[in-house]
Amino acid sequence: MPSPALQRILDALEAGTRPRPAEFAAFSDLDRGDASYLRERWPHIPLAEREFLLDEAYELADEDIALDFTVLGRVGLTDAEPSVRLRAIQALWESLDPAVGDLLVGLVESEPDPEVRAAAARSLLRYLEAAEYGRLDDAVARRMVQALIAAAESGSEDLRAAAVEALGPSGDPRVPALIESAYESGVPALRLAAIRAMGYSARDRWAEYIAEQLTAADPEMRFEAALAAGSLGSEELVPALGEALNDDDAEVLFAVIEALGDIGGEAAVELLEAYLEEAPPGLEDAVEAALEAARGIQFRRFGEPL
């Protein structure tokens, strides 16, 4: 028998009445019986209410880590409407559930809606990051990598970009060539995806590519390069980031400052300390926060407080 709370809320949803945020706990941590009941009732809930449920689940899960809407998201991934499937992918942004991963791979391989397919590909990034830390079964990770490589080689432009980005953390020997091909393609979306993938890769081999894009004409590319530099964490990028402290785009400049904080080390600390004395008004707090982060990293790296 389903829980009375879940039954009551689903009755109301079918009638077009939305639950209050406090009632959403009824959708968290559903057991097998409640999950089966939800799947049975799901097609009878109006589309707007199905979309609302997944939007709200995304927001509430971000606010309260005790809430787990994995089952709700899995039901949404099999919905007949692309808009619901897209919201389900978003609602499951933190999940590493293998069953969710299988559904996402299926969407990458055969989803008819291009936006949903690209979103599914991009969402596999978190699984491949977990795989590199040994937190995902190797067989599961291999299937994901294979699906993404196929998408990167033969999909639409958006899908190829999403797949390349998601492959960034993978240690598969085929991945570097795909990233480099996307970078050299001349297609803006693919080049941006390649830079993001480089940042996720944890491989210093990409530092020179990221450094090159810190001086690109396009501010969006400079911004993504700064984010990638912070994500990669290579001290090889500190000199190039120091030069980028002269960037005239505010968003790029904030990203550069944060990247120096993320990388840390003596050189980054020295750059940030010098920059603090001449930082434009409104940037002082960002530089101070980056200095605090950089000093903490330096302490861990070198074993001595400043």
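The protein chain is annotated in an unreviewed UniProt entry as HEAT repeat domain-containing protein from Tepidiforma bonchosmolovskayae.

Student: I keep staring at helix 7 (residues 114-123) and nothing clicks. Help me out?
Tutor: Helical geometry: 3.6 residues make up each α-helical turn, so side chains three or four residues apart lie on a common side. Every buried residue of helix 7 is accounted for by Val116, Ala118, Ala119, Ala120, Ala121 and Ser123. You can read the cap of helix 7 off the contacts: a side-chain oxygen lies 3.1 Å from the backbone nitrogen of Glu115, and it is on Asp113.

Student: Help me understand the side chain of Gln213 in this model?
Tutor: Structurally, Gln213 is set in helix 13 (residues 207-213). On the basis of relative accessible area, Gln213 is assigned to the buried category, the value being 6%. Excluding its chain neighbours within four sequence positions, the residues that come into contact with Gln213 are Tyr183, Arg191, Ile195, Met221, Arg222 and Ala225.

Student: Any chance you could explain the pattern of salt bridges here in plain terms?
Tutor: Pairing of side chains with opposite charge becomes possible as their charged atoms draw close. Within this structure, the stated rule accounts for 18 salt bridges. With its nearest N and O atoms 2.9 Å apart, the salt bridge here joins Arg18 to Glu49. On the criterion of sequence distance, the pair formed by Arg18 in the loop between helix 1 (4-14) and helix 2 (32-41) and Glu49 in helix 3 (residues 47-63) is long-range, its members being 31 residues apart. With relative accessibility at 41%, the residue Arg18 sits in the partly exposed group. Glu23 is the partner of Arg20 in a salt bridge, and the nearest nitrogen-oxygen pair spans 3.9 Å. Residue Glu23 is classed as partly exposed on the basis of its relative accessible area of 22%. Residues joined in a network through salt bridges with shared partners are Arg122, Glu165, Arg196 and Glu224.

Student: How should I be thinking about the nonpolar core in this particular structure?
Tutor: Here is a general trend for soluble globular proteins: nonpolar side chains tend to be buried in one another's company. If you look at the biggest cluster of nonpolar residues, it comprises 109 residues, and the most contacted ones within it are Phe27 and Ile257. Contacts of Ile257, omitting those with residues within four sequence positions, involve Leu245, Leu272, Tyr275, Leu283, Ala286, Val287 and Ala290.

Analysis parameters
Residues numbered from 1 in each chain as written. Predicted model: local features only at pLDDT ≥ 70, side-chain atom pairs only at ≥ 80, totals over all residues. Heavy atoms only, no water. Buried < 20%, exposed > 50% of the residue type's maximum accessible area, 1.4 Å probe, protein only. Helix = DSSP H or I, 4+ residues; strand = E, 2+ residues; numbered from the N terminus. Polar contact = N/O pair within 3.5 Å; in protein donor to acceptor, adjacent residues only side chain to side chain. Contact = heavy atoms within 4.5 Å. Salt bridge = Lys/Arg side-chain N within 4 Å of Asp/Glu carboxyl O. Core = buried A, V, L, I, M, F, W, Y, C linked by side-chain atoms within 4.5 Å.

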